[in-house]
Amino acid sequence: MTYGKGLRPLAALTALTLTAAFALVFFFAPLDADQGFVQKIFYVHVPIGIVALVGFMAGGVFAIQHLRTRDPRHDLRSYVAIHIAIVLALGTLVTGSIWAKASWGSWWVWQEPMLVSFLIVFLLYACYTPLRFSIEDKERQARYASVFAIVAGAFVPLNFAAVRMAEAYIHPRTFATTGGGIPGDMFLTFLVALAGIGLLFVTLWKYEMASKNATFKLRALRRTLAGDELAPARRSAAPTL
Amino acid sequence: MLPALPLDEAGPYVAAAYLVFFALVLIYVAIMAAKLGRIERDLTELTELAERREADETAADQHEHERVGATRE
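The rules behind each value
Residues numbered from 1 in each chain as written. Chains lettered and ligands numbered in written order. Predicted model: local features only at pLDDT ≥ 70, side-chain atom pairs only at ≥ 80, totals over all residues. Heavy atoms only, no water. Helix = DSSP H or I, 4+ residues; strand = E, 2+ residues; numbered from the N terminus. Rg over C-alpha atoms; globule rule 2.2 N^0.38 Å. Buried < 20%, exposed > 50% of the residue type's maximum accessible area, 1.4 Å probe, protein only. Areas by Shrake-Rupley, 256 points an atom, 1.4 Å probe, with all protein chains shown as cover. Lys, Arg positive; Asp, Glu negative; His and termini not counted. Charge placed at Lys NZ, Arg CZ, Asp CG, Glu CD. Expected span 1.5 Å × (residues − 1). Contact = heavy atoms within 4.5 Å. Core = buried A, V, L, I, M, F, W, Y, C linked by side-chain atoms within 4.5 Å. pLDDT = per-residue confidence, 0-100. Buried area = accessible area lost by both parts, 1.4 Å probe. Salt bridge = Lys/Arg side-chain N within 4 Å of Asp/Glu carboxyl O. Polar contact = N/O pair within 3.5 Å; in protein donor to acceptor, adjacent residues only side chain to side chain. Nonpolar A, V, L, I, M, F, W, Y, C, P; charged D, E, K, R; others polar. Axes fitted to C-alpha atoms, helices over the stretch in contact; angles between N-to-C directions. Parallel < 35°, antiparallel > 145°, perpendicular 65-115°, else oblique. Left-handed = near helix turned anticlockwise from the far one by under 90°. Patch = residues over 30% accessible without salt bridge, like charges linked within 9 Å, V, L, I, M, F, W, Y side chains within 5 Å.

Some details on the overall build of chain B
1) Next: Counting its regular elements, chain B contains 1 helix and 0 strands.
2) Next: For 73 residues, the compact-globule estimate of 2.2 N^0.38 gives 11 Å, and the C-alpha radius of gyration of chain B, at 31 Å, exceeds that figure by more than 25%.
3) Next: Split into buried and exposed, the 73 residues of chain B put 18% on the buried side.
4) Next: A total of about 5500 Å² of accessible surface is found on chain B, and carbon and sulfur atoms cover 61% of it.
5) Next: Placing the 7 positive and 14 negative side-chain charges of chain B at their respective mean positions leaves the two points 7 Å apart.

Let's talk about helix α6 (residues 138–165) of chain A
Residues and elements named next belong to chain A.
1) Next: The end-to-end C-alpha distance of α6 is 41 Å, a good match for the 40 Å that 28 residues give at a rise of 1.5 Å each.
2) Next: What α6 keeps buried is the set Q141, A142, A145, S146, F148, A149, A152, G153, V156, N159 and V163.
3) Next: Turning to α6, the residues buried within the fold contact α2 (42–69), α3 (72–104), α4 (113–126) and α5 (128–134).

Remarks on the nonpolar core
1) Next: Core analysis: the largest hydrophobic core is formed by 64 residues, its most contacted members being Y43, F56 and Y125 of chain A together with F21 of chain B.
2) Next: Where this core is concerned, the elements lending two or more residues are α1 (7–27), α2, α3, α4, α6 and α7 (184–226) of chain A together with α1 (7–72) of chain B.
3) Next: Broken down by element, the residue count for this core peaks at 14 residues, all from α3 of chain A.
4) Next: Once you skip the residues sitting within four places of it in the chain, F56 of chain A turns out to touch I82, A85, I86, A89, V121, Y125, G153 and V156 of chain A.

Let's talk about the confidence of the model for chain B
1) Next: Looking at chain B as a whole, its pLDDT mean stands at 85, while 93% of the residues score no less than 70.
2) Next: Two numbers describe this predicted complex: its pTM, 0.86, and its ipTM, 0.85.

Here's the deal with the interface of chain B and chain A
1) Next: Listed as interface residues are 30 residues of chain B and, on the opposing side, 41 residues of chain A.
2) Next: Buried surface at the junction of chain B and chain A, both sides included, amounts to about 3300 Å², of which 76% is carbon and sulfur.
3) Next: Notably, a salt bridge pairs R222 of chain A with D42 of chain B, separated by 3.4 Å at the nearest N-O pair.
4) Next: At the junction of chain B and chain A, the tally comes to 4 residue pairs in polar contact (both at pLDDT 80 or more).
5) Next: The residue inventory of the side of chain B that touches chain A, partitioned by class, reads 25 nonpolar, 1 polar and 4 charged.

With respect to the environment of W104 of chain A
1) Next: Relative to the elements of secondary structure, W104 of chain A occurs in helix α3.
2) Next: W104 of chain A sits 54 residues away from L158 of chain A along the chain, and the two C-alpha atoms are 27 Å apart.

Observations regarding α2 of chain A
1) Next: When the terminal C-alpha atoms of α2 of chain A are compared, their 40 Å separation across 28 residues agrees well with the 40 Å that a helix rising 1.5 Å per residue should span.
2) Next: Where α2 of chain A terminates, the next one or two residues include R70 of chain A, which has phi positive at roughly 60 degrees.

A word on the confidence of the model for chain A
1) Next: Of all residues in chain A, 92% have pLDDT values of 70 or greater, and the mean over the chain is 89.
2) Next: Mean pLDDT values for the elements of chain A range from 91 in α7 of chain A up to 96 in α2 of chain A.

Side note on the packing of α2 of chain A against α3 of chain A
Residues and elements named next belong to chain A.
1) Next: Running from N to C, α2 and α3 point in directions that differ by 160 degrees, and their axes come no closer than 7 Å. With respect to their mutual orientation, α2 and α3 come out roughly antiparallel. Every pair of crossing elements has a handedness; the one defined by α2 and α3 is left-handed.
2) Next: Broken down by class, the residue content of the contact of α2 with α3 amounts to 16 nonpolar, 13 polar and 2 charged.

Examining the side chain of T92 of chain A
Residues and elements named next belong to chain A.
1) Next: Considering the arrangement of structural elements, one finds T92 in helix α3.
2) Next: Only 3.3 Å separates the side chain of T92 from the backbone nitrogen of G49, close enough to count as a polar contact.
3) Next: A distance of 2.8 Å separates the side chain of T92 from the backbone oxygen of L88, its partner in a polar contact.
4) Next: Every residue in contact with T92, bar those within four places of it in the chain, is listed here: H45, I48, G49 and F118.

Quick word on a positive patch on the surface
1) Next: Judged by side-chain charge, R219, R223 and R234 of chain A together with R38 and R41 of chain B come together as a positively charged surface patch.
2) Next: Elements that contribute at least two residues to the positive patch include exactly α7 of chain A together with α1 of chain B.
3) Next: Within the secondary structure, R41 of chain B is located in helix α1.
4) Next: With a relative accessible area of 55%, R41 of chain B lands in the exposed category.

Take a look at the structure:
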């Protein structure tokens, strides 16, 4: 399978959507009546948070496919999705912290369920790579990692629902179930930003998959050409095909 | 919640948040570019190995051909 196929138009579409999103953020979306200019952080913080959580769940779905079929390609897909989602989750924590300092005067509020639950999800997934690295046998590594990805992936929506049901301390609920909500101009800008970051996730996923695929093919070619001259494979957290 | 910050105070926070996002993407792409460089180096090495092997096989064939010719004579 070639993951590089269609990568160029996808990357161009991603760049276009992100540029449009940032133009809308700074030239179209109105200033928030309560928070003023600082609220612009919302358009990067919330979409990367949502895409990170969806990425974690996608990792769980690929892991289910891996356990059902035992096809190592699904394990690789799960690994790459989780890998990129961890980077985005880190971005969510840092941008959220900056927004908290500007809005609440504090970098972190331990009483707020939204912040602490997201940190728990991040720390949970931070264990994924060390778990993989700790298992030398590749088949067992893939199986255990898939079980982890499924359980953690199921925890993500449950955790999200629990936080929505919990009483907010100071963190706003982005799309309130009762009253309020965000105005149309802001919502449109948010949707374009969400689409842009969603496309960025897919582009990076395909990019990394293409890179890993090329590495595996090269390794197989080296094995064929070099035979015994091949150095033993280093221990790694990454799956092998 | 604190009252809204004036633009000159809010600006650095907004800039910092967007810079964090761009920096993360840039670091990720830079790491991927480094990996691509490694793939390119490996590919060059394997191409050289394949060419060397092909040259060795051609030389061996030629040597065998000359040996058979000399035996006939």
